[in-house]
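Spelled out from the first residue to the last, the chains are:
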Amino acid sequence: MSTQESQPLIVIPVATPQPTGNPCLRCGACCAYFRVSFYWAEADPSHGGTVPPDLADDLTPVLSCMKGTNQKHPRCAALIGEIGRGVRCAIYEERPSSCREFGVEWAGEGVRFTPEDLARCTQARAAWGLPQIARASKA
Ligand code: SF4
Ligand code: SF4
């Protein structure tokens, strides 16, 4: 995920030692909470899209979404692992813009968030019974 440079950043230091460093690798809640939509051409290789077409569903005439995220209990089909324990994105290098532009960035010394996306992170983690990331990082 990348950082939206136009917004102020909140840096949450990560306590050491951490078993895996980046706390997102022990979470994954946002990949199993939101509908992940994007412009349809991102899943069309003939238009330069990188998202594997078999992992995308049509949403509207102009939007597609990650398979598994447009349902009552979303979980992206590309998410591997167990929420809150250990996860990874099976298509990390090919993930859609909505994932790339989520304002969360692992920076080695901590996790940088835009305020808006820190709120989304907190919302997703709460839905999975996980504490706000700052408190989790102090654990
Ligand atoms: S919900 Fe927050 S901590 Fe969890 S994977 Fe998403 S951005 Fe990372
Ligand atoms: S494509 Fe990857 S980063 Fe995006 S929601 Fe799915 S698992 Fe998460």
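These numbers were taken from a predicted model, which means no experiment stands behind them. (Residues numbered from 1 in each chain as written. Chains lettered and ligands numbered in written order. Predicted model: local features only at pLDDT ≥ 70, side-chain atom pairs only at ≥ 80, totals over all residues.)

Asks: Explanation requested: the site of ligand 1 in the structure shown.
Replies: Neighbouring ligand 1 are the residues Pro23, Cys24, Cys27, Gly28, Ala29, Cys30, Val104, Cys121, Ala124, Arg125 and Ile133. Residue contributions to the shell around ligand 1 peak at three residues, all from helix α2 (residues 115-127). Here the residues of the shell around ligand 1 are counted per class, giving nine nonpolar, one polar and one charged. (Near = placed C-beta within 6 Å. Helix = DSSP H or I, 4+ residues; strand = E, 2+ residues; numbered from the N terminus. Nonpolar A, V, L, I, M, F, W, Y, C, P; charged D, E, K, R; others polar.)

Asks: Any chance you could explain the site of ligand 2 here in plain terms?
Replies: Taken together, Cys31, Val36, Met66, Cys76, Ala78, Leu79, Cys89, Ile91, Arg95 and Cys99 make up the full set of residues near ligand 2. Across the shell around ligand 2, the residue classes tally to nine nonpolar, no polar and one charged.

Asks: I keep staring at the pairing of strand β5 (residues 79-82) and nothing clicks. Help me out?
Replies: Put simply, side chains in a regular strand alternate between the two faces of the sheet. Note that β5 and strand β6 (residues 86-89) share four bridges and pair antiparallel. Bridged to leucine 79 within β6 is cysteine 89. In this structure, the hairpin formed by β5 and β6 is closed by a connection of three residues, where glycine 84 is found at a positive phi of approximately 80°. (Pairing = 2+ DSSP bridges.)

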